[in-house]
Amino acid sequence: MNIINRVVLPIVVIGVFLFATATFEVKQYQSALEFRLGEIVQDKFDPGLHFKLPFINTVKLFDRRVLTMTSQPERFLTSEKKNLIIDYYIKWQIVNAADFYRSTRGDERIAMNRMDQIVRDAMKSQISSLTVNEVVSGDRDLFMKSVIDTTNRDIGGLGVKISDVRIMQIELPKEVRQSVYARMEKERSAVAQSIRSRGEEQAKKITSAADRERVVIIAEAERQAAEIRGAGDAAAAATYAKAYGEDPKFFEFDRSLQAYKKAFDQGGSTFVLNPASPFFKYFRDSQEPSVKN
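The structure contained in this document is the topic of the report that follows.

So, how was this worked out
- Residues numbered from 1 in each chain as written.
- Predicted model: local features only at pLDDT ≥ 70, side-chain atom pairs only at ≥ 80, totals over all residues.
- Heavy atoms only, no water.
- Helix = DSSP H or I, 4+ residues; strand = E, 2+ residues; numbered from the N terminus.
- Buried < 20%, exposed > 50% of the residue type's maximum accessible area, 1.4 Å probe, protein only.
- Contact = heavy atoms within 4.5 Å.
- Areas by Shrake-Rupley, 256 points an atom, 1.4 Å probe, with all protein chains shown as cover.
- Phe/Tyr/Trp six-rings, centres within 6.5 Å; stacked < 30°, edge-to-face > 60°.
- Lys NZ or Arg CZ within 6 Å of the ring centre and 35° of its normal.
- Salt bridge = Lys/Arg side-chain N within 4 Å of Asp/Glu carboxyl O.

When helices and strands are counted, the protein chain shows 8 helices and 9 strands. Counting across all 293 residues of the protein chain, residues that qualify as buried make up 24%. Residue pairs in contact within the protein chain that sit at least 24 positions apart in sequence constitute 64% of those at least 6 positions apart. Surface summary for the protein chain: the accessible area is close to 20800 Å², and the carbon and sulfur share equals 56%.

Here it is, written out as structure tokens:
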């Protein structure tokens, strides 16, 4: 038992240690570099378990997934010589681990600083040829694609690739923000006043046209009413004439009754008339007028 503890157990421990130092695992999302005395001897490894010479060769792993870097707000000058404060983020990934290590010694902070400077220069170059409106509301995708293409061309030896650059926020400097807002408010007020003036002009035209149409409609209605009244009066006159022709005495009697009705419907009225007046003709005559059948 003592022999096992003194001989076998140390051998097992040493074997496990040598195995651990002689193997390494590369995951699906990783790249690996194998070094010998600080020099890269192998940079192509498939995912899985691999072997190396312990104590002589070393391995460094790199994450190949897309990473995100956020920039600090930066001041940019437009073609109108106006300042814009823009902050953005960068999507990037390592595509060549060997180049990445040679250019940055494997330090992501060095790579991000270089990328940020190159992206900033590309954005300054693009924004300097655009107006504020084009930067804010123009074709943002086309603008950012040009920045990405320029940046990837300039970082070709860095071993990384930028997949996306996106603007998160655009602001005006504080010293010009109020003046810009005041000018925008003035412009919007002028547009609103112009719209109101056009609306009032159109309202007057519509009201005038409606008044003219109303006058025409009323005149036409009055003309038609006059024609109808004329036709009715003519028909009534013809009816009265026909009735008078058939029995003049009855017609005269009927007219007298209507006159009596109108005169005595007043109530409380006093008339001073000569009894011999024609108005009382039928009060004096005892003979009733004949009515033709």
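Text resumes after the structure shown.
A separate point is the packing of aromatic side chains. Tallied over the full model, the rule gives 3 aromatic pairs. Note on phenylalanine 35 and tyrosine 101: the rings are 4.7 Å apart at their centroids and 55° apart in plane angle, and the pair reads as tilted. Separated by 66 residues along the polypeptide, phenylalanine 35 in strand β2 (residues 30-36) and tyrosine 101 in helix α2 (residues 97-104) bring together distant segments of the chain. By relative accessible area, which is 5% here, phenylalanine 35 ends up buried. With a centroid separation of 5.9 Å and 80° between ring planes, the pair formed by phenylalanine 62 and phenylalanine 100 is classed as edge-to-face. In this pair, phenylalanine 62 sits in strand β5 (residues 57-63) while phenylalanine 100 sits in helix α2, placing the two residues 38 residues apart along the sequence. For phenylalanine 62, a relative accessible area of 4% gives the class buried. Arginine 65 extends its terminal NZ or CZ atom over the ring of tyrosine 29, reaching a point 4.0 Å from the ring centre.

Quick look at the pattern of salt bridges now. Overall, the coordinates contain 11 salt bridges when judged by the stated rule. Between aspartate 99 and arginine 102 there is a salt bridge, with the nearest N and O atoms lying 3.4 Å from each other. Remark: arginine 102 and aspartate 99 occur in helix α2; sequence separation between them is 3 residues, near one turn of the helix. Notably, a salt bridge pairs arginine 120 with aspartate 116, separated by 2.6 Å at the nearest N-O pair. Of the two residues, arginine 120 and aspartate 116 both sit in helix α3 (residues 108-127), 4 residues apart, roughly one turn of that helix.

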